[in-house]
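# Breakdown of the fold
Take a look at the letters that make up each chain.
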Amino acid sequence: MEVKVRNLKKYYKENLVLDIADYTFKEGQIIGLRGPNGVGKSTLLNIIAGLDPQFEGEVLYDGKPLDEKIQKEITEVFQKPFLFKRKVKDNIKYPMLLRKLDKVEIERRTLELAKALEIEDLLNKRGNQLSGGEAQKVALARALVIRPKLLLLDEPTSSIDEEAMITIENCILNFHKQSNATIIIVTHDAIQSDRICDEVVFLERGRIS
Ligand SMILES: Nc1ncnc2c1ncn2[C@@H]1O[C@H](COP(=O)(O)OP(=O)(O)OP(=O)(O)O)[C@@H](O)[C@H]1O
């Protein structure tokens, strides 16, 4: 999915946080979004995710404004993911149940992602009893099972150890190869963005460069 941002201005009270005249996130690319703390990366991601309607300007998805159908194709994974108290496997299945996927397919995708992210041993644990890194992996699995056309990742490896980081990156790359989704990934890690991104953009004083 292509995402075009036009004349986007975002204020928190009178504080202008984002001021983007025109930028297009191209379909099928992995785009790294970088910039110093507090520059507006999460704010931009939330707007693109359709979670924050309080902005001026336009965000177009394949040329169209957000609607219910487009919204279903978009998933954001937050830096501090919110998981339900129920079991991890139920957390992962939830978005597939909402989309009324077939039972067998739900089982298949759950196990496939759990294996890829090496979280099989967590499936029967409670979602609210995980470490930060475990929760990030489960949240990524929950995002990938629906095979979104637009995947928004806010520092997806911020609580992840080095070994697991490669597992996560490989999982993102495999998903990308299979789906050709557009992926926007906020990261402070220049080496990571070099490793996995097709393009890196910088947010500076609210503008993209
Ligand atoms: N709900 C809010 N109300 C008021 N100001 C906010 C709100 N959310 C964020 N801000 C401010 O907007 C600016 C951008 O915040 P944002 O979280 O988007 O930055 P970021 O680039 O993602 O930062 P980081 O790298 O630290 O995660 C910051 O100055 C922040 O304090």
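Here goes a summary of the coordinates provided. Numbering of residues starts from 1 in each chain and follows the order in which that chain's sequence is written. Owing to the predicted nature of the model, reporting of local features is limited to residues with pLDDT of at least 70; listing and counting of side-chain atom pairs is limited to 80 or more, with chain, interface and lining totals taken over all residues.

## Quick look at the site of the ligand
Nearness between a residue and a molecule or strand is assessed with a C-beta atom placed from the backbone; a distance within 6 Å qualifies. In the region of the ligand, the neighbouring residues are Tyr12, Val17, Gly35, Asn37, Gly38, Val39, Gly40, Lys41, Ser42 and Thr43. In terms of residue count, helix H1 (residues 41–48) provides more of the shell around the ligand than any other element does, three residues in total. The residue makeup of the shell around the ligand, split by class, is three nonpolar, six polar and one charged. Counting from the N terminus, the helices are DSSP H or I runs at least four residues long and the strands are E runs at least two residues long. Residue polarity is assigned by list, with Asp, Glu, Lys and Arg as charged and Ala, Val, Leu, Ile, Met, Phe, Trp, Tyr, Cys and Pro as nonpolar; anything else, Gly included, falls into the polar class.

## Section: the pairing of strand E7 (residues 182–186)
Residue burial here comes from a neighbour count, namely the number of other C-beta atoms, placed from the backbone, that lie within 10 Å of the residue's own C-beta, with 20 or more meaning buried, 12 or fewer meaning exposed, and in between meaning partly exposed. A large share of E7 lies buried, amounting to five of its five residues. Residues Thr182, Ile184 and Val186 of E7 are buried on one face, and the alternating residues Ile183 and Ile185, pointing to the opposite face, are buried as well.

## Looking at the sheet that holds strand E8 (residues 199–204)
By the convention used here, strands pair only if DSSP detects at least 2 bridges between them. In spatial order, the strands read E5-E6-E7-E3-E8-E9; together these six strands make up an open sheet with mixed pairing. Looking along the sheet, the strands with just one partner apiece sit at the ends: strand E5 (74–77) and strand E9 (207–208). Bridging between E5 and strand E6 (residues 150–154) involves four bridges; their strand directions are parallel. Across the sheet, residue Val77 finds its bridge partner in E6, namely Leu153.

## As for helix H6 (residues 162–179)
Here H6 spans 26 Å end to end across 18 residues, near enough to the 26 Å set by a 1.5 Å rise per residue. Buried within H6 are the following residues: Ile168, Ile172 and Phe175. For H6, the buried positions fall inside an angular range of 65 degrees around the axis, keeping them on one side. Projecting away from the buried face of H6 at angles above 90 degrees are the exposed residues Glu162, Glu163, Asn174, Lys177 and Gln178. Take the number of residues in a helix, subtract one, and multiply by 1.5 Å to get its expected span. As used here, the arc is the angular range of directions from the helix axis to the C-beta atoms.

Keep in mind these values describe shape, not function.
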